Amino acid sequence: MKMRADRRSFLRSWAAGAAATALGWLQPVLALAAGWNKAAFEAGNIEGAIQFAGVGEAIPSEDIVIKAPEIAENGAQVPVEIQSNIPGTDQILIFSDKNVQPYVGLFEFRNGAEPFISTRIKMGDTSKLRAVVRANGKYYVKMREVKVTIGGCGT
Amino acid sequence: MTRPIRMRVRLDGDVAEIRALIDHPMETGLRKDSKTGELVPLHFIRNLTVSLDGKPVLEAQWGQAIARNPYIQFRVRGAKADDEVSIEWVDNRGERGHASTKVPPAG
């Protein structure tokens, strides 16, 4: 968080002296300077993925709602919706336990975005789907089983 | 090469519902090319940022398990008509995509 704030203030001070056209060209590049958690994304099992993502201590919660099909015919396109009803939620992380690399993605909500995401993921096999949310610095988790008819990682 | 992004934004009160469909193969590195039998190299979006009126509202980090032609839908409070919604992404090869649109009037 500190780094982001520093980056923004840097941007602001820098922007003040820059030509508008140059800023328009540069902004997209700078706004995407966010990190990518290589160790977590490349972890080959759920234990490693969770450990490297820093969410090993997540507390089970019924205030996280996962919408996903009970049976996914096509593992290459599994629709998933996650809503957190825990006040102060600013991140949602998705894991598919049995994927070759189980960490699917992280969504961070800022500046008025509600803690809800709808997306589509790949599932290699019938597996637990795990939604982890961060609220006021603490992690919470909800799981849901999805049966996959045809796996979606080699397709 | 430019990969298209389709965006739909709907305003309800001060809540903007943002939907986007991004053209990208999201290759896992595990898929075999049906003609050559060779594995298709890993190729996937790693970072995506959606901004409203210049402020980031969604910042995502993805692995290769986000489905091909990624779809996202989410909502932001504090939006108003004519605010600019912009999306940008970068993948593991350093390719980038960018698109923007305006929040339409409520209705």
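Everything quoted here is computed from the prediction, not taken from an experiment.

**Some words on the overall build of chain B**
Helix and strand content of chain B: 0 helices and 7 strands. In terms of overall dimensions, chain B has a C-alpha envelope of 50 × 25 × 20 Å along the principal axes. Counting only residues that meet the buried cut, chain B has 42% of its 107 residues in that class. The contacts in chain B between residues at least 6 apart in sequence include a share of 57% that link residues at least 24 apart.

**Side note on the confidence of the model for chain A**
Mean pLDDT over chain A: 85, with 77% of residues reaching 70 or higher. Low pLDDT, under 50, characterises residues 9-30 of chain A; the stretch is placed with 5 contacts to residues that sit more than four places away or in other chains.

**Some words on the nonpolar core**
Core analysis: the largest hydrophobic core is formed by 61 residues, its most contacted members being Ile92, Leu93, Ile94, Tyr103 and Ile121 of chain A together with Leu58 of chain B. Per-element tally for this core: the top contributor is strand β6 (residues 103-109) of chain A, with 5 residues. Look past the residues within four positions of Ile92 of chain A in its chain and what remains in contact with it is Ile82, Ser84, Phe107, Pro115, Ile117, Ala131 and Val133 of chain A.

**With respect to the environment of Lys128 of chain A**
Residue and element names in this part refer to chain A. Structurally, the position occupied by Lys128 is in strand β8 (residues 127-135). Between the alpha carbons of Lys128 and Val146 there is a distance of 6.2 Å; along the sequence they are 18 residues apart. Leaving out residues up to four positions away in the same chain, Lys128 has contacts with Asp97, Met143 and Glu145.

**Some points on the sheet that holds strand β7 (residues 116-121) of chain A**
Taken in spatial order, the 6 strands line up as β2(A)-β4(A)-β7(A)-β5(B)-β2(B)-β1(B) in an open sheet, and their pairing is antiparallel. The open sheet terminates on both sides in strands that have one partner only, identified here as β2 (64-67) of chain A together with β1 (5-12) of chain B. The mean angle between the axes of side-by-side strands here comes to 15°, regardless of whether they run parallel or antiparallel. As judged from the 7 bridges shared by strand β2 (residues 15-22) of chain B and strand β5 (residues 71-77) of chain B, these two strands associate in the antiparallel manner. Looking at β5 of chain B, one finds that Glu17 of chain B is bridged to Arg75 of chain B.

**Re the interface of chain B and chain A**
Contacts between the two partners involve 33 residues from chain B, matched on the other side by 35 residues from chain A. Where the side of chain B that touches chain A is concerned, the elements lending two or more residues are β3 (45-52), β4 (55-62), β5 and β6 (84-91) of chain B. Counted by class, the side of chain B that touches chain A contains 16 nonpolar, 9 polar and 8 charged residues. Bridging between β6 of chain A and β4 of chain B involves 5 bridges; their strand directions are antiparallel. The residue bridging Phe107 of chain A from the neighbouring strand is Ala60 of chain B, located in β4 of chain B.

The rules behind each value
Residues numbered from 1 in each chain as written. Chains lettered and ligands numbered in written order. Predicted model: local features only at pLDDT ≥ 70, side-chain atom pairs only at ≥ 80, totals over all residues. Helix = DSSP H or I, 4+ residues; strand = E, 2+ residues; numbered from the N terminus. Buried ≥ 20, exposed ≤ 12 C-beta atoms within 10 Å, placed from the backbone. Contact = placed C-beta atoms within 7 Å. pLDDT = per-residue confidence, 0-100. Core = buried A, V, L, I, M, F, W, Y, C linked by C-beta atoms within 7 Å. Pairing = 2+ DSSP bridges. Axes fitted to C-alpha atoms, helices over the stretch in contact; angles between N-to-C directions. Nonpolar A, V, L, I, M, F, W, Y, C, P; charged D, E, K, R; others polar.

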